[in-house]
Amino acid sequence: MKTRLFFIIAMMTIGIVSSAQAQDKVEGHIKADIVSNYIWRGLNIGHVSVQPEMSVGWKGLSLAAWGSVGLSGHKDNVREIDMTLSYETGNLQLGIIDYWTDEHDKRYFYYQKDGTGHSFEGFVGYDFGPVSASWQTFFAGRDYQEEDDKRAFSSYFELAAPFRLATCEWKATAGLVPWKSDYYEVSGFDVTNLSLRATKAIRITDSFELPLFGQVTANPASQHFYFVFGLTLKAL
């Protein structure tokens with residue numbers, strides 16, 4: 001049922017945007033990040049990790065695969081694979097993400113409520129120039145309140161402001177959860193993500209550069225603070 005719902009919404013998205021104007025050629029990207037800690041929306045997901053990504057895009061449509069695998073051998077490391085179907089026109093972006101982890105069940109093609117590792121999220125975002133805004137809501141998969149087993153529709157709202165300073169590319173981010181969610185470990189409206197990231201590309205040769213980044217993240221809801229260092233390897 002969840003699988004059919006996902007593909008129905010995906011096909012509706014394709015139908016809506018099929019007449020949009022964008023680049024005519026197919027574009028592809030392959031890269032991988034290596035991070036000292038996996039922090040997502042203010043939550044500590046894993047330790048030292050490699051996070052590969054590949055995507056293909058055409059006329060505003062994009063299909064991307066992203067993953068995370070722990071390198072430290074820590075028992076709490078979780079393997080993750082995310083699939084994203086999105087569309088971008090002008091400053092507007094919308095799409096669907098299928099998150100999967102092996103934390104609860106190691107079978108990828110298992111979608112039953114009692115143990116699936118999948119969570120499906122819809123999102124919409126708009127770039128206003130100095131600031132971009134986005135809203136994400138889980139609508140299917142593993143997103144239930146533990147106390148009553150009802151779907152939580154866990155949601156997340158984020159504002160991000162990129163800027164350039166001292167030869168680095170910076171991005172300040174503020175994210176909040178609007179209502180109770182066991183997924184985000186909050187009992188109501190709360191701020192979960194205040195972060196500042198700096199990226200500097202180190203030129204190795206005339207045709208190759210190595211982006212390095214550092215990020216500090218505070219989660220006021222959990223009272224946790226993180227510092228992450230990473231690097232990006234790009235093939236395309």
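What counts and what doesn't
- Residues numbered from 1 in each chain as written.
- Predicted model: local features only at pLDDT ≥ 70, side-chain atom pairs only at ≥ 80, totals over all residues.
- Heavy atoms only, no water.
- Patch = residues over 30% accessible without salt bridge, like charges linked within 9 Å, V, L, I, M, F, W, Y side chains within 5 Å.
- Areas by Shrake-Rupley, 256 points an atom, 1.4 Å probe, with all protein chains shown as cover.
- Salt bridge = Lys/Arg side-chain N within 4 Å of Asp/Glu carboxyl O.
- Helix = DSSP H or I, 4+ residues; strand = E, 2+ residues; numbered from the N terminus.
- Buried < 20%, exposed > 50% of the residue type's maximum accessible area, 1.4 Å probe, protein only.
- Contact = heavy atoms within 4.5 Å.
- Core = buried A, V, L, I, M, F, W, Y, C linked by side-chain atoms within 4.5 Å.

**Some thoughts on a nonpolar patch on the surface**
Piece 1. Taken together, Ile34, Val48, Leu71, Ile202, Ile204, Phe208 and Leu233 make up a surface patch of nonpolar side chains, about 550 Å² in accessible area.
Piece 2. By secondary structure assignment, the location of Phe208 is in the loop between β12 (190–203) and β13 (209–219).

**What about the side chain of Gln51?**
Piece 1. Here Gln51 shows up in strand β4 (residues 49–58).
Piece 2. A relative accessible area of 8% places Gln51 in the buried class.
Piece 3. Those residues in contact with Gln51, other than ones at most four positions away along the chain, are Lys31, Ala32, Asp33, Val35, Tyr38, Trp66, Gly67 and Ser68.

**Looking at unusual backbone geometry**
Piece 1. Phi is positive for Lys59, close to 50°, though the residue is something other than glycine.
Piece 2. Secondary-structure assignment places Lys59 in the loop between β4 and β5 (61–70).
Piece 3. Among the residues examined, Lys59 registers a relative accessible area of 28% and is labelled partly exposed.
Piece 4. One non-glycine residue, Thr167, adopts positive backbone phi at about 65°.
Piece 5. Along the polypeptide, Thr167 turns up in the loop between β10 (155–165) and β11 (168–177).

**With respect to the nonpolar core**
Generally speaking, a soluble globular protein has its nonpolar side chains buried in company with each other.
Piece 1. Among the nonpolar cores identified, the biggest contains eleven residues, and these are Tyr38, Trp40, Leu43, Ile97, Tyr99, Phe123, Phe138, Tyr156, Val177, Tyr184 and Val186.
Piece 2. Counting only elements with at least two residues in this core, the list comes to β2 (38–40) and β7 (92–101).
Piece 3. Ignoring any residue separated from it by four or fewer positions in sequence, one finds Ile97 in contact with Asp82, Met83, Thr84, Ser119, Phe120, Glu121 and Phe123.
Piece 4. In terms of nonpolar packing, the next biggest core, distinct from the first, is built from five residues, Val35, Phe213, Tyr226 and Val228 among them.

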